[in-house]
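Observations on the three-dimensional arrangement
Given next are the chains, with one letter for each unit.
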Amino acid sequence: MRPFSKGHDDSAYGGQNFDAEKNKVPEDAAAPKLQLNRKGVGRRGFYLSTFFQQLASLGNNLAVSIVAGQSIKALYKTYNPDGDAYKLPYCIITFGFFQFLMSQLPDLHSLRFLNCVSNVCTLTFSAIAVGMSIHTGHQLDRSTINYELVGDYPERIFGVFLGLGAIAFAFGDTVLPEVQATVKEPAVKNMFKGITMAYSLISSTYFTVAISGYWAFGQTSLPYLLNNLSTPSWPITIANLAAIVQITGCYQIYCRPTYEFFEMKFCNTDQSRFSKRNLTVRLCITLVYNVFMTFLAALIPFFSDFVALIGAVGFIPMDFILPIIMWLKVRRPHAWWSWLANYSIVVFYIIVAICSSVAAIRQIHINVGSYGVFADL
């Protein structure tokens, strides 16, 4: 993925070349998922996909910025248990500055080593979180652990939809075509292998952490499980460091579609991407992006609520609604039951997305009222 080049270098998406004579990117050099929507559901689909992809990408990085700040603060509190000078907003700002520096790496391909290390860190975090949850859980008086649902009936219903939004966030993805554009041939076969390995890793780590954490602490389980743990300090330190590295890889993957969107508009494709003009444009884009994300994450640092909200308004449309509509438009099945079944799924997920959004916004409003903005959680 080399977005700014002359001659036969590839563009950022799909291996297309820049048209130097017209000084613009060819229309088919747009992001692969946007290409699919332009061909499948027309111009409206193109702009709709642009909106939801950017929304999901921005929301993902907002949420992970918050949890990265919590990881940094947890490191600080581990060795300064009585200190309160380094508050959560400062931790988020530290993470944001580091991401600004990392954002100067040119493309997804340049992140391959970071992504490899991130996978190792995911396994490390999961192993420590599961092991320490089980260890701590056995030390607690199990009769004091409560697994009953909290709140009245409406509160529980809102909790269900918050959970559905969080699940969509955890297992959704909006940049798979962008990743596939960098995969060597045969791209489809290699991409399938990669997806299989990735979701096997995600399922094995996410579920084991969730199950062991809930078993150990029940209702008192916190959104960031390591905050439930206190001793010994050295494995918690390793887990927090692993979380920061893994989140860095995640953040960088999801900021790239936004960078690409604006670079395609404002950079001069006749010039090298390392030209003074294009480097200045990229510097400005990454600066504005990271300042905005850092400010918003520090302003309302409610991780679990934003996870549910972004899952509802970003990942559900991109992963469960638009692909079905695209398939129906392109394939046009003859069987009436196929249309009925697919549109029933679309309607179901639209309802889930709306209800999960309402539940998440409601919870954010409650937390803002309880903690205020720039909360030091």
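Details of the structure are given in the entry above.
Summarised in this report is the structure supplied together with it. (Residues numbered from 1 in each chain as written. Predicted model: local features only at pLDDT ≥ 70, side-chain atom pairs only at ≥ 80, totals over all residues. Heavy atoms only, no water.)

1. Remarks on the overall build of the chain
Heads up, the rule is: Here a helix means four or more residues in a row that DSSP labels H or I, a strand means two or more in a row labelled E, and each is numbered from the N terminus. Partly exposed describes any residue whose relative accessible area lies between the buried limit of under 20% and the exposed limit of over 50%, with all areas from a 1.4 Å probe on protein chains only and scaled to the type maximum. Throughout, a residue-residue contact means that at least one pair of heavy atoms, one from each residue, lies within 4.5 Å.
Helix and strand counts for the chain come out as 10 helices and 0 strands. Each helix and strand of the chain, ordered N terminal to C terminal, gives the series α-α-α-α-α-α-α-α-α-α. Expressed as a percentage of the 377 residues in the chain, the buried residues total 46%. For the chain, contacts bridging at least 24 residues in sequence account for 75% of all contacts bridging at least 6.

2. A short note on unusual backbone geometry
Notably, R332 is not glycine yet its phi reads approximately 45 degrees, a positive angle. Along the chain, the position of R332 falls in the loop between α9 (303-331) and α10 (336-371). Overall, the relative accessible area of 51% leaves R332 in the exposed class.

3. Considering the packing of helix α3 (residues 112-139) against helix α7 (residues 233-266)
For clarity, the threshold we go by: Lines fitted to C-alpha atoms define the axes here, with helix axes fitted over just the stretch in contact, and angles between the N-to-C directions of these axes take values from 0 to 180 degrees. Angles are sorted into four bins: roughly parallel if under 35 degrees, roughly antiparallel if over 145, roughly perpendicular if 65 to 115, and oblique for all others. Should the near helix be turned anticlockwise from the far one by less than a right angle, the crossing is termed left-handed; should it be turned clockwise, right-handed. In this classification, the charged set is Asp, Glu, Lys and Arg, the nonpolar set is Ala, Val, Leu, Ile, Met, Phe, Trp, Tyr, Cys and Pro, and all remaining amino acids, among them Gly, are polar.
The interhelical angle for the contact between α3 and α7, taken along N-to-C directions, is 140 degrees, at an axis separation of 8 Å. The orientation of α3 relative to α7 falls into the category oblique. By crossing handedness, the relation of α3 to α7 is classed as left-handed. Contact residues: α3 offers L114, N115, V117, S118, C121, T122, T124, F125, I128 and M132, while α7 offers P235, I236, I238, A239, A242, A243, V245, Q246, T248, G249, Q252 and I253. A class-by-class count of the residues in the contact of α3 with α7 yields 14 nonpolar, 8 polar and no charged.

4. Focus on the pattern of salt bridges
Using the following cut-off: Should a side-chain nitrogen of Lys or Arg be within 4 Å of a carboxyl oxygen of Asp or Glu, the pair is scored as a salt bridge.
Under the criterion given, the structure shown has 2 salt bridges. One salt bridge connects E155 with R362, and the closest N-O pair in it is separated by 2.8 Å. Separated by 207 residues along the polypeptide, E155 in helix α4 (residues 153-171) and R362 in helix α10 bring together distant segments of the chain. Classification of E155 as partly exposed rests on a relative accessible area of 32%. Its salt-bridge partner being R282, residue E263 comes within 2.3 Å of it at the nearest N-O pair. A residue pair is termed long-range when its members are at least 10 positions apart, and E263 in helix α7 and R282 in helix α8 (residues 276-299) qualify at 19 residues.

5. Notes on α9
How we decide: An expected span of 1.5 Å times one less than the residue number is assigned to each helix. Fitting one axis to the seven residues ending at a residue and another to the seven starting there, the bend at that residue is the angle between the two axes.
The end-to-end C-alpha separation of α9 is 40 Å, in line with the 42 Å expected for 29 residues at 1.5 Å each. Largest kink in α9: about 50 degrees, centred on I316, with the proline P317 one to four residues after it. Of the residues trailing α9, R332 is marked for its positive phi of about 45 degrees.

6. So, the environment of G249
Its location among the elements puts G249 in helix α7. By relative accessible area, which is 3% here, G249 ends up buried. Expressed as a C-alpha distance, the spacing of G249 and R112, which sit 137 residues apart in the sequence, is 9.3 Å. Once residues lying within four places of it in the same chain are set aside, the contact partners of G249 are L114, N115 and S118.

7. Here's the deal with the packing of helix α2 (residues 88-102) against α8
The packing of two helices is summarised by the inter-axis angle and the distance between the axes. Between α2 and α8, the least distance of the axes is 9 Å, while the angle of their chain directions is 160 degrees. When the axes of α2 and α8 are compared, the pair comes out roughly antiparallel. Relative to α8, the crossing made by α2 is right-handed. Contacts from P89, I92, I93, G96, Q99 and F100 of α2 reach α8 at L283, T286, L287, N290, T294, A297 and A298.

8. Examining a nonpolar patch on the surface
Short version of the rule: Here, patches come from residues exposed beyond 30% relative accessible area and free of salt bridges, joined within 9 Å for like charges and within 5 Å for nonpolar side chains (Val, Leu, Ile, Met, Phe, Trp, Tyr). For accessible areas, the Shrake-Rupley method is used with a probe of radius 1.4 Å. Any residue's cover is judged against the shown protein chains and nothing else.
Taken together, I134, Y147, Y214 and W215 make up a surface patch of nonpolar side chains, about 350 Å² in accessible area. Secondary-structure assignment places I134 in helix α3.

9. Observations regarding the packing of aromatic side chains
This is how the line gets drawn: Stacked, edge-to-face and tilted are the three classes for Phe, Tyr and Trp ring pairs, Trp counted by its six-membered ring, which pair at centre distances within 6.5 Å; planes under 30 degrees apart are stacked, over 60 edge-to-face, the rest tilted.
Taken as a whole and judged by the stated rule, the model has 11 aromatic pairs. For the pair Y251 and Y289, a centre-to-centre distance of 6.3 Å together with 80 degrees between the ring planes defines the contact as edge-to-face. Placement of the pair is Y251 in helix α7 and Y289 in helix α8, with a sequence separation of 38 residues. Like Y251, the residue Y289 is buried in the burial classification. Ring geometry for Y259 against Y289: centres 5.2 Å apart, planes inclined by 75 degrees, an arrangement best described as edge-to-face. Here Y259, found in helix α7, pairs with Y289, found in helix α8; they are 30 residues apart in sequence, far enough to count as distant. Taken individually, Y259 and Y289 each receive the classification buried, so the pair is uniform in this respect.

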